[in-house]
Amino acid sequence: MGRTKRVLWGFMPLDYKAIEIYLEEMAEKGWMLEKVGLFTGRFRASEPRKIKFHINVFKDGGPLSPENTAEIEEHRKLCEESGWNFITSRDFLQFFYTEEGNPLPIETDDALEQKVIRSTLGKWGIISALLSIFILGRTIPLYLPPKYKFMLSFVGVSGITLP
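Everything in this summary refers to the structure shown in the same document. Please read all numbers here as calculations on a predicted model, not as lab measurements.

We now examine helix 1 (residues 16-28). An ideal rise of 1.5 Å per residue puts 18 Å on 13 residues; helix 1 measures up with 19 Å between its terminal C-alpha atoms. Backbone geometry just after helix 1 places Gly30 at a positive phi near 95 degrees.

See below:
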């Protein structure tokens with residue numbers, strides 16, 4: 001098996017266009033995406049080449065749905081017939097690439113694409129933001145007012161600075 005490397009995956013799902021650019025840069029450096037996890041992306045060494053990536057937001061996906069359903073498989077098959085190769089998926093995002101010059105576009109209607117993005121990624125973004133606010137609202141009062149003895153410990157410093 002070839003060399004692999006893991007990188008910190010600091011992208012949010014709404015950054016899908018930035019992810020495409022990042023993957024194209026990595027391919028030019030000789031690293032091809034294999035898998036995207038919650039916090040890391042795994043790449044394998046390959047020949048440096050210019051590859052076009054597309055990340056498709058699939059409205060029936062998500063963190064609570066199975067990775068391979070009949071609808072997703074059919075969608076991937078249609079994309080592959082259009083000249084795109086499936087790599088991996090993560091929640092709502094389906095990762096494709098092509099080495100061809102001008103494959104058929106996966107998304108042809110910008111208004112429909114934006115509607116799907118708002119209804120899927122926007123909803124989950126709001127849920128995660130509300131959950132974060134709730135957790136912060138429950139934990140910050142535990143640290144206020146700061147106690148001098150607590151601040152002297154590593155746990156105290158990291159508890160205040162990391163969030």
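Pairing within the open sheet is antiparallel, and its three strands lie in the order 4-6-5. The strands lining the two open edges of the sheet, one partner per strand, are strand 4 (52-57) and strand 5 (85-90). The average undirected angle you get between the axes of adjacent strands in this sheet is 25 degrees. Together, strand 4 and strand 6 (93-98) form the strand contacts of helix 1, whose direction differs from that of strand 4 by roughly 155 degrees.

Once that is clear, we can look at the packing of aromatic side chains. Scanning the model with the defined rule gives seven aromatic pairs in all. Each ring, one from Trp9 and one from Phe95, has its centre 6.4 Å from the other, and the planes form 65 degrees; the classification is edge-to-face. Of this pair, Trp9 sits in the loop between strand 1 (4-8) and helix 1 while Phe95 sits in strand 6, and the two are 86 residues apart along the sequence. As far as the burial class goes, Trp9 and Phe95 line up, both buried. Geometrically, the ring pair formed by Phe11 and Tyr22 is tilted, given 5.3 Å between the ring centres and 55 degrees between the ring planes.

Scoring rules and cut-offs
Residues numbered from 1 in each chain as written. Predicted model: local features only at pLDDT ≥ 70, side-chain atom pairs only at ≥ 80, totals over all residues. Heavy atoms only, no water. Helix = DSSP H or I, 4+ residues; strand = E, 2+ residues; numbered from the N terminus. Expected span 1.5 Å × (residues − 1). Pairing = 2+ DSSP bridges. Axes fitted to C-alpha atoms, helices over the stretch in contact; angles between N-to-C directions. Contact = heavy atoms within 4.5 Å. Phe/Tyr/Trp six-rings, centres within 6.5 Å; stacked < 30°, edge-to-face > 60°. Buried < 20%, exposed > 50% of the residue type's maximum accessible area, 1.4 Å probe, protein only.

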